[in-house]
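What follows is the residue order along each chain.
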Amino acid sequence: MKKPIHQIDYLDKTKHDKKLLDLFQLIFDHVLDKLDKREDYVLSLTLVNSEEQRELNDKYRQINRPTDVLTFPYEQDYDESPIDLGSIIICPEIAKKQAKEFNHPFERELAFLFIHGLLHIFGYDHIKEKDAEVMYDLQNTLLNTLPYDFYTDLTKMKKMLKEAQSMSIAPYSKFRVGAVVLTKDLKYHLGFNIENASYPATVCAERVALFSTYAQGYKKDDIISLGCITDSKNVGTCCGVCRQVMSELMPSHAPVYIFSSGFKDMLKTTVCELLPFAFTSEDLTK
Ligand code: THU
C-alpha cells in the first residue's frame, strides 16, 4: 500500500533548532494516524517571534497581544489531493516561557501547542464546556501516546543503571540485573534483583525499582520511564511477572529501555508493547 503524504511546509523565522521539524513531523504523523485521517495532507507550519505573533493576533483576532499558537484552517476543496489543511503559527519564545512556568521541557510545550493547533484544524474547539472536555481529553491522549520521550536523559539513566546493577544481590544465579525508574520530578529510582535461598522469594530488579518508587509516595502518573540492564547478551529480557506489574503500575505508553550486558545493545519499547492484552483491574469485574 502506498504511504500517505503528510507534508509540512515548514518555515522557521526564528532560526530555532532545525531538529524541531523532525519532532513536528512525528507529531503530525501520530495525530493523523490516531484521528484515522487516511488521505494525503499538506500543512503549513511557521515559527515566528512574539512581535510578529502579536501583529497576526491583532490583525486576525483583534487581540493586541502575542499568543502561543494561532490556527488558520483552510476551507479545502475535498477533490484536491493532497488536502490543504491550512496553517499553524507557533511562537517558540512564548512556548519557552510557558514551559518554564509549567516546569516541563520546551519540546513538550511545543508538542502540546502543535497538537492543540492540529485539533483546531480538524474542527475541535473549547468555547463550550462540553466541547472543551472532548478536545482536552483528546489532546492529553495524543500527547501521552506520542512515541517520543521528552524527559529521559539516557546518559544519566545508563549511569544510574550501572550503579543499580552493581548493587544486585544474586548469589544463586550470578545474573545481575539493575533497573531505574524515572519520575516527573526528574529523580531516578534504583532497583536490583534480590535473591533468596528459597528461590521463588526472589524479586526482580524492575519490581524492586517500581515498589521502591511507590513506597516513596509516587503514583502511576508520576512515572516517566523505566530502564533495565542485565548480564544477558540479549535485549528484551523483562520477565512476564515484571511486565504484568509494569502494566499496572506504569502509564501504558511509558517508554522502557532494555540494555544488554555492558550496554552493547538497547531496545526502546513501551509498557503496552511489552504486554499487549494485559490483565487489568477492569477484567476483575464479573
Ligand atoms: N531477573 C530480573 O531481575 N529481572 C528480569 O526481568 C528477569 C530476571 C532476575 C531474577 C533472578 O535474580 C535472576 O534474574 C535470574 O532469573
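Our subject is the structure that appears above.
As the structure is a prediction and not an experimental result, all values here were calculated from the model.

Q: Explain the sheet that holds strand β9 (residues 266-270) here, please?
A: In a beta sheet, neighbouring strands pair by backbone hydrogen bonds and run either parallel or antiparallel. Spatially, β6-β5-β7-β8-β9 is the arrangement adopted by the five strands of the open sheet, whose pairing is mixed. Of all strands in the sheet, those bounded by a partner on one side alone are β6 (188-192) and β9. The sheet shows a mean angle of 20 degrees between the axes of neighbouring strands, direction not considered. Where strand β5 (residues 178-183) lies against β6, five bridges are found, and the strand directions are antiparallel. Of the residues in β6, the one forming a bridge with Leu182 is Tyr188. Across the face of the sheet, helix α6 (residues 154-166) comes into contact with β5, β6, β7 (223-229), β8 (255-259) and β9 while running at roughly 135 degrees to β5.

Q: In this structure, what is going on with the packing of aromatic side chains? I would like to understand it.
A: Each aromatic ring pair is described using two quantities: the centre-to-centre distance and the angle formed by the ring planes. Scanning all chains against the criterion turns up seven aromatic pairs. On the numbers, 6.2 Å between centres and 90 degrees between planes, the contact of Tyr41 with Phe122 is edge-to-face. Here Tyr41, found in strand β2 (residues 41-47), pairs with Phe122, found in the loop between α4 (106-121) and α5 (129-144); they are 81 residues apart in sequence, far enough to count as distant. For the pair Tyr41 and Phe122, a shared accessibility class is recorded, and that class is buried. Ring geometry for Tyr148 versus Phe150: centroids 4.8 Å apart, planes at 55 degrees, classification tilted.

Q: Is there a simple way to explain the site of the ligand in this structure?
A: Around the ligand, the neighbouring residues are Ser173, Phe175, Val177, Asn193, Glu195, Thr202, Cys204, Ala205, Glu206, Thr237, Cys238 and Cys239. Separating an oxygen atom of the ligand from a side-chain N or O atom of Asn193 is a distance of 3.0 Å. The contact in question runs from an oxygen atom of the ligand to an N or O atom on the backbone of Cys239, over 2.9 Å. Burial of the ligand by the surrounding chains reaches 79%, relative to a free accessible area of 370 Å². In terms of residue class, the shell around the ligand is built from six nonpolar, four polar and two charged.

Here is what the cut-offs are and how they apply
- Residues numbered from 1 in each chain as written.
- Predicted model: local features only at pLDDT ≥ 70, side-chain atom pairs only at ≥ 80, totals over all residues.
- Heavy atoms only, no water.
- Pairing = 2+ DSSP bridges.
- Helix = DSSP H or I, 4+ residues; strand = E, 2+ residues; numbered from the N terminus.
- Axes fitted to C-alpha atoms, helices over the stretch in contact; angles between N-to-C directions.
- Contact = heavy atoms within 4.5 Å.
- Phe/Tyr/Trp six-rings, centres within 6.5 Å; stacked < 30°, edge-to-face > 60°.
- Buried < 20%, exposed > 50% of the residue type's maximum accessible area, 1.4 Å probe, protein only.
- Near = heavy atom within 4 Å.
- Polar contact = N/O pair within 3.5 Å; in protein donor to acceptor, adjacent residues only side chain to side chain.
- Areas by Shrake-Rupley, 256 points an atom, 1.4 Å probe, with all protein chains shown as cover.
- Nonpolar A, V, L, I, M, F, W, Y, C, P; charged D, E, K, R; others polar.

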